Amino acid sequence: MKQRISLGRNIFIGSNYIFLIFLSFLCLFPLIHVLAISFSSSSAAASGLVKLWPVDFQISSYQYILNKPEFIQSVLVTLKRVALGFTINLLMSVLCAYPLSKERSSFRYRTVYAWYFIITILFGGGLIPWYLTVSETGLIDTIWALVIPGAVPVFNVILLLNFFRGLPKEIEESAFMDGAGHWRVLWLMYIPLSLPSLATISLFTLVGHWNSWFDGLILMNFPDKYPLSTYLQLVIINSNPMKMSAGDIYKYAEISDRTTRAAQIFLGALPILLVYPFLQKYFVKGIVLGSIKG
């Protein structure tokens, strides 16, 4: 017999839907507004006429940005950084989390190494020691300067080791009884069972490398070595018509600082927006499962 839903329950469900729709709109409004400005004319953007829909639709801002060789070069640098950084971060997270997830009887100095990593979260040497370390190791003006200093993301290691500790011990014990070693247990058993947690830290890693701009500004001395976020940050802050070429000044008759900034912000966020839906289903599960055990 079908259970009848009470009027109060219907009101509660309806109120939840209305609240969630309103909350979703608040989250999407800034992005939609930025996208609308990027496709609007300079006069409409300057006069504040653009809300959720472009006014005097045009793509001049995107043409201006995409035709600049500096923009294309910065995209290539960022793609290279993301590829190297993602691979190194994920590999180091797995290799650090696996031994730290063992009991003290299996890994005697587990607590010592765990605190070694945790201290790096609580205390830092500061900007100048960090820069001197990178400089003395010869990494300045190389892609490795953007990857090696953050090769071990401790927060991701903590999430992953807690997830590993939550896996049934019987799986590991049965594998050892069949003659498997730690490497085989890690790559053939732990990794396939840890896809939700791995997807979560993968998203953190991708977003972190794609959005990072400060290290590129400090560690790179030449504009052609800037990652995308650093390049966009400098363009947005240092936009000066007095330093533009004749072609750029002609283009600025059709666009403005607001439209170009909006286009750059949207282009910078677009890759993450495309990747996130594929990893979103693992995101909440990976966070919860990676944080319930200490």
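All values reported here derive from a predicted model rather than from experimental measurement.

### Considerations on the overall build of the protein
For the protein, the helix and strand inventory stands at 14 helices and zero strands. N-terminal to C-terminal, the α/β element order of the protein is α-α-α-α-α-α-α-α-α-α-α-α-α-α. Across the 294 residues that make up the protein, the buried fraction comes to 37%. Within the protein, residue pairs in contact and separated by at least 24 positions form 72% of the contacts whose partners lie at least 6 positions apart. For the protein, the computed accessible surface area is about 17800 Å², with 69% contributed by carbon and sulfur atoms.

### A closer look at the pattern of salt bridges
Evaluated as defined, the whole model comprises two salt bridges. A salt bridge links Asp215 to Arg81; its shortest N-O distance comes to 2.6 Å. Taken as a pair, Asp215 in helix α11 (residues 214–219) and Arg81 in helix α4 (residues 69–100) lie far apart in primary sequence, 134 residues in all. Take Arg81: its relative accessible area is 3%, and that puts it in the buried class.

### Notes on helix α1 (residues 7–38)
Here α1 contains 32 residues, and its C-alpha end-to-end distance of 46 Å stays within 8% of the 46 Å for a straight helix at 1.5 Å per residue. Residue Leu28 marks the point of greatest curvature in α1, where the axis turns by about 40°; the proline Pro30 follows within four residues. Buried within α1 are the following residues: Val34, Ala36, Ile37 and Ser38.

### Let's talk about a nonpolar patch on the surface
A contiguous nonpolar patch, built from Phe19, Leu20, Phe22, Leu23, Phe25, Leu26, Leu28, Phe29, Ile32 and Leu52 and spanning about 910 Å² of accessible area, is present on the exposed surface. Among the secondary structure elements, Phe22 is positioned in helix α1.

### Quick look at unusual backbone geometry
Phi is positive for Asp56, which is not a glycine, with a value near 55°. Positionally, Asp56 belongs in the loop between α2 (42–46) and α3 (60–66). The phi dihedral of Asp141 falls on the positive side, at around 70°, and the residue is not glycine. Topologically, Asp141 is positioned in the loop between α6 (127–136) and α7 (154–165).

### Comments concerning the environment of Asn221
Residue position: Asn221 is located in the loop between α11 and α12 (228–237). For Asn221, a relative accessible area of 47% puts it in the partly exposed group. Spatially, the C-alpha atom of Asn221 lies 9.9 Å from that of Thr142, the residues being 79 residues apart in sequence. Excluding anything up to four places from it in sequence, Asn221 contacts Ile140 and Asp141.

### A short note on the packing of aromatic side chains
On inspection of all chains with the given rule, the structure shows 11 aromatic pairs. Residues Phe25 and Phe29 carry aromatic rings whose centres are separated by 5.8 Å and whose planes lie at 45° to one another, so their mutual orientation is tilted. Placement of the pair is Phe25 and Phe29 together in helix α1, with a separation of four residues, close to one helical turn. Judged by its relative accessible area of 39%, Phe25 falls in the partly exposed class. Ring geometry for Phe155 versus Phe204: centroids 5.9 Å apart, planes at 50°, classification tilted. Taken together, the positions of Phe155 in helix α7 and Phe204 in helix α10 (residues 195–211) put the pair 49 residues apart, joining distant regions of the chain. Residue classification places Phe204 among the partly exposed residues on the basis of a relative accessible area of 28%.

### A word on the packing of helix α8 (residues 169–177) against helix α9 (residues 182–193)
Look at α8 against α9: their axes get within 10 Å of each other, and the N-to-C directions meet at 145°. Crossing geometry of α8 relative to α9 is assigned as right-handed. Contacts between α8 and α9 involve Ile171, Glu172, Ala175 and Phe176 from the former and His182, Val185, Met189, Tyr190 and Leu193 from the latter. Among the residues forming the contact of α8 with α9, the class breakdown is seven nonpolar, one polar and one charged.

### A short note on the confidence of the model for the protein
On average, residues of the protein score 82 in pLDDT, and 86% of them are at 70 or above. Looking across the protein, the model is least confident in helix α13 (residues 246–251), with a mean pLDDT of 52, and most confident in α4, with 92.

The rules we used
- Residues numbered from 1 in each chain as written.
- Predicted model: local features only at pLDDT ≥ 70, side-chain atom pairs only at ≥ 80, totals over all residues.
- Heavy atoms only, no water.
- Helix = DSSP H or I, 4+ residues; strand = E, 2+ residues; numbered from the N terminus.
- Buried < 20%, exposed > 50% of the residue type's maximum accessible area, 1.4 Å probe, protein only.
- Contact = heavy atoms within 4.5 Å.
- Areas by Shrake-Rupley, 256 points an atom, 1.4 Å probe, with all protein chains shown as cover.
- Salt bridge = Lys/Arg side-chain N within 4 Å of Asp/Glu carboxyl O.
- Expected span 1.5 Å × (residues − 1).
- Bend = angle between axes of the 7 residues up to and from the residue.
- Patch = residues over 30% accessible without salt bridge, like charges linked within 9 Å, V, L, I, M, F, W, Y side chains within 5 Å.
- Phe/Tyr/Trp six-rings, centres within 6.5 Å; stacked < 30°, edge-to-face > 60°.
- Axes fitted to C-alpha atoms, helices over the stretch in contact; angles between N-to-C directions.
- Left-handed = near helix turned anticlockwise from the far one by under 90°.
- Nonpolar A, V, L, I, M, F, W, Y, C, P; charged D, E, K, R; others polar.
- pLDDT = per-residue confidence, 0-100.

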